[in-house]
Amino acid sequence: IEEGGLYDILNFYTKEAKGTMRPVSSNILINFSQSTSIQKITADDFMIPLHKFEFVDLGDLFSLASSYAEPDSPDYSTG
């Protein structure tokens, strides 16, 4: 799998994300198994963003950052 590539991924499972330093605020992650198949899609007639961003109202940012159980090591960045 290469960054920026588009892939068809089949037969994976989801589970609750635990730990720190998750790249997004989602509590769900996907895991591959031995039955997972990955096939590169070569069609490029559509655009999918390379990175994901979540916008938060500036007035809500302090309360979001303050809600972390461990503010010195948050689950995801608010900076």
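Keep in mind it's a predicted model, so treat the numbers as computed, not measured.

Asker: Give me the confidence of the model for the protein chain: which residues, what numbers.
Answerer: Model confidence for the protein chain is summarised by a mean pLDDT of 77, while 72% of its residues fall at 70 or above. At the level of individual helices and strands, the protein chain shows its lowest average pLDDT in helix H1 (residues 58-66), which scores 78, and its highest in strand E2 (residues 28-40), which scores 91.

Asker: Break down the environment of asparagine 11 for me, with residues and values.
Answerer: Of note, asparagine 11 is situated in strand E1 (residues 7-16). Residues asparagine 11 and serine 35, 24 residues apart in the sequence, show an inter-C-alpha distance of 6.0 Å. The residues contacting asparagine 11, other than those within four sequence positions of it, are Ser33, Ser35 and Thr36. A polar contact is formed between the side chain of asparagine 11 and the backbone oxygen of serine 35, at a distance of 3.2 Å.

Asker: Before we move on, can you summarise a nonpolar patch on the surface with the specific residues and values?
Answerer: A cluster of nonpolar side chains, namely Ile1, Phe12, Ile30, Phe32 and Ile38, defines an oily patch on the protein surface of about 490 Å² accessible area. Sort the elements by how many residues they give to the nonpolar patch and E2 lands first, with 3 residues. With respect to the helices and strands, the residue phenylalanine 32 is situated in strand E2.

Asker: How would you summarise the side chain of threonine 36 if you had to cite specific residues and measurements?
Answerer: Secondary-structure assignment places threonine 36 in strand E2. Among the polar contacts listed, one links the side chain of threonine 36 to the backbone oxygen of asparagine 11, at a separation of 2.6 Å. Among the polar contacts listed, one links the side chain of threonine 36 to the backbone nitrogen of serine 33, at a separation of 2.7 Å. Sequence-distant contacts of threonine 36, that is, excluding residues within four places in its chain, are made with Ile9, Leu10, Asn11 and Phe12.

Calculation criteria
- Residues numbered from 1 in each chain as written.
- Predicted model: local features only at pLDDT ≥ 70, side-chain atom pairs only at ≥ 80, totals over all residues.
- Heavy atoms only, no water.
- pLDDT = per-residue confidence, 0-100.
- Helix = DSSP H or I, 4+ residues; strand = E, 2+ residues; numbered from the N terminus.
- Contact = heavy atoms within 4.5 Å.
- Polar contact = N/O pair within 3.5 Å; in protein donor to acceptor, adjacent residues only side chain to side chain.
- Patch = residues over 30% accessible without salt bridge, like charges linked within 9 Å, V, L, I, M, F, W, Y side chains within 5 Å.
- Areas by Shrake-Rupley, 256 points an atom, 1.4 Å probe, with all protein chains shown as cover.
- Salt bridge = Lys/Arg side-chain N within 4 Å of Asp/Glu carboxyl O.

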